[in-house]
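Descriptive analysis of the structure
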Amino acid sequence: MPIPITLPLLSQIFVSGLLAGGVYALIALGLTMIFGVMRVINISHGEMVMLGAYVTFWLFHLVGFNPLLSLLLSMPALFLVGLFMERFFVARVLDLPEITSLLLTFGFSILMVNMALYFWTADFRSVEYLTGSVKFGGLYFSLPRLVAFWVALTITLATFLFLKRSRIGKAIRATSQSRDVAMACGINVRRIYAITFGIGAALAGAGGSLISIMIAVYPEMGALLTLKSFTVIVLGGMGNFAGAFWGGLALGLAESFGSLFISEKVSEAIAYCLLVLVLVIKPSGLFGIVRR
Amino acid sequence: MRVRAGLIVLGVVLLLALVPLLMQTYVVSLVLFIFMYIALASSWNIISGYTGYVSFGHVAFFGVGAYVCAIMITRQGMPWVPAVLVGGAGAALLSLILGFPCLRLKGPYFAIVMLGIGEIMRVTVLYFEDLTEGGFGISFPHPDATIPSYFAMGITAAAVVALSQWLANSKFGLRLMSIREDELAAEAMGINTTKYKIVAFVLSAFFPGVAGGIYAYYLSYIEPESTFAVLITINMAIMTIFGGRGTVLGPVVGAASLYVMSELVWIRFPFLHLALFGAIIIVVILFMPRGIMGLVGAKGVLVRARN
């Protein structure tokens, strides 16, 4: 059944795409940082998002903890998970071909999903917080999505500021530009790797906390998010920090317009198709500078 | 040595051929699925073990083979054996179309693209309802086909293993391995890497397509979620990695041991057993990168025929 396409409808679609895109950008920033600095493709990134979402869900469900405040717990928790994973596992395979770390994190992804299924069952959970929507300028904004968008934006900007200004942030950027020169300048590269992996995981955890107030939380939610994050960082250029932000917004918009013009049924496939198309046609990303 | 190896192979084949005559249906179907996973893991091994291009979406070829076969049987009234082969051809055709753009990408990017393609195929099958019946699946009841399916799957598995054995000992296989070790150097040696990668990819897609067709015929019912399950790709990868990537017997050993264990022991703990699979990958990658075959020294059958 064709819906008449009007300007208000298009603006509404634009807004909801943008709101979803903000959270995608936050999650993908973590993935692209890990790739940019360590050349590791973390297949378990979506599972880290899932863990973050469960932290929020359990805190909310068991003790009624405020989902937004739970960010203060989910981010450090996932930071530690990332630190642990890097120190004891990923660090051992960094000098081997990229495919090794890919298979290793693939193992972690399977492990995390199935442990979650075992302990927390396959039930769909939801965090009922800030339901409803607000009307502004003739457009409806879903309240949880609006709040999640702004929080995601804040965390993303804070991360950029951290990378730009702080000593560790500068060391992270230096390592991503050239590991050897960074080492020669006295940067402890192994420590930077561990911190980067931790921050990447923490950003995934933050994304999980925010996404839990938007969509259902279940153990297998991560696979789709891993793929979407890949799409985002491929759109923005792999390892390009700012590109992840624009790529996130682009994916959000592509999904919401796609489900309008093509079909609701294929909206899930839009991310996959974009991923394949961009990698095949322009592997350096839409916004990226070519990195070799 | 040659004669002894030949006798062992002959003995194993005879023993397996007797299974349907002597055993109960349950054992027959168990061995049938072991055959299926041997065929799938060995095929995965061709592109991901020998050639070094890890494919996280190989279930696409299995699923396409199953669907093409089922559609040929139900719509065209084709007998099942040619339908199964057409299924394999469909998977091979898909891999040929995908291979040209995707194999230009370097390893990790290829892995990610394939992850997307597995899902795209599932959504595509759901979308073209007229042809595939969408989420309802295709059902084509026929009398019990366990025994013919058993032999068909066994022949498929044997064919892939024979192909792997040939790859391990032929110039063609050596060229694939040189691509894995250093693609640039391989190209500098005058190897047409694009051609070899695509041929390897098509070979590694054809047999999963055939296995998918036999699977569809055996079950006489297929639907998108289980036919395109990510788990099937995961199994192919884990069985091969566990057994030993880039070896002939690795995928065979991996498929047989992990499938038997998951059927007999772990089936009672569904999620824990998959979590254990994840842990196995981590341990194998870190501590025994050449898998079981690396541990046992891989002597005998695996010794290169030429020096």
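The rules behind the values
- Residues numbered from 1 in each chain as written.
- Chains lettered and ligands numbered in written order.
- Predicted model: local features only at pLDDT ≥ 70, side-chain atom pairs only at ≥ 80, totals over all residues.
- Heavy atoms only, no water.
- Helix = DSSP H or I, 4+ residues; strand = E, 2+ residues; numbered from the N terminus.
- Buried < 20%, exposed > 50% of the residue type's maximum accessible area, 1.4 Å probe, protein only.
- Contact = heavy atoms within 4.5 Å.
- Core = buried A, V, L, I, M, F, W, Y, C linked by side-chain atoms within 4.5 Å.
- Pairing = 2+ DSSP bridges.
- Axes fitted to C-alpha atoms, helices over the stretch in contact; angles between N-to-C directions.
- Parallel < 35°, antiparallel > 145°, perpendicular 65-115°, else oblique.
- Left-handed = near helix turned anticlockwise from the far one by under 90°.
- Nonpolar A, V, L, I, M, F, W, Y, C, P; charged D, E, K, R; others polar.
- Buried area = accessible area lost by both parts, 1.4 Å probe.
- Salt bridge = Lys/Arg side-chain N within 4 Å of Asp/Glu carboxyl O.
- Polar contact = N/O pair within 3.5 Å; in protein donor to acceptor, adjacent residues only side chain to side chain.

Mapping A:Thr100 onto the fold places it in helix H4 (residues 98-120). Using a relative accessible area of 9% as the deciding quantity, one classes A:Thr100 as buried. Ignoring anything within four residues of it in the chain, the contact list for A:Thr100 reads A:Val93 and B:Ile285.

Within the largest apolar cluster, 193 residues are counted, with the highest numbers of intra-cluster contacts made by A:Met38, A:Leu104, B:Met36, B:Phe56 and B:Ile117. Per element, the largest residue contribution to this core is 17 residues, and it comes from helix H2 (residues 25-50) of chain B. Contact partners of B:Met36, with chain neighbours within four places excluded, come to B:Phe62, B:Met153, B:Ala211 and B:Tyr215. Formed by 10 residues, the second largest nonpolar core is a distinct cluster that contains A:Leu19, A:Ala25, A:Phe149 and A:Leu249.

Now for the pairing of strand S2 (residues 139-142) of chain A. All names here are of chain A. Residues Leu-139 and Phe-141 point to one face of S2 and are all buried, whereas Tyr-140 and Ser-142, pointing to the other face, are not buried. Two strands pair when backbone bridges link them, and strand S1 (residues 133-136) and S2 are joined in this way by four bridges, in the antiparallel orientation. Residue pairing in the sheet places Ser-133 in a bridge with Ser-142 of S2. Hairpin connection from S1 to S2: two residues lie between these consecutive antiparallel strands, with Gly-137 at a positive phi of about 55°.

Before going further, it helps to examine the packing of helix H3 (residues 59-76) of chain B against helix H10 (residues 193-219) of chain B. Residues and elements named next belong to chain B. Direction vectors running N to C along H3 and H10 enclose 50°, while the axes themselves pass 6 Å from each other. When the axes of H3 and H10 are compared, the pair comes out oblique. The handedness of the crossing between H3 and H10 comes out as right-handed. Residue-level inspection shows Phe-61, Phe-62, Gly-65, Ala-66, Cys-69 and Ile-73 of H3 in contact with H10, the latter providing Phe-201, Ala-205, Pro-208, Gly-209, Ala-211, Gly-212, Gly-213, Tyr-215, Ala-216 and Tyr-217. Across the contact of H3 with H10, the residue classes break down as 12 nonpolar, four polar and no charged.

Once that is clear, we can look at the interface of chain B and chain A. Taken together, the contacts link 38 residues of chain B with 37 residues of chain A. Across the chain B to chain A interface the summed buried area is about 3400 Å²; carbon plus sulfur atoms make up 85%. At the surface where chain B touches chain A, the tally comes to zero salt bridges. Joining chain B to chain A, the criterion identifies zero residue pairs in polar contact (both at pLDDT 80 or more). Put simply, the parts of the chain that give the side of chain B that touches chain A at least two residues each are helix H4 (80-102), helix H5 (107-127), helix H12 (230-243) and helix H14 (270-287) of chain B. By residue number, the principal contributor to the side of chain B that touches chain A is H5(B), which donates 15 residues.

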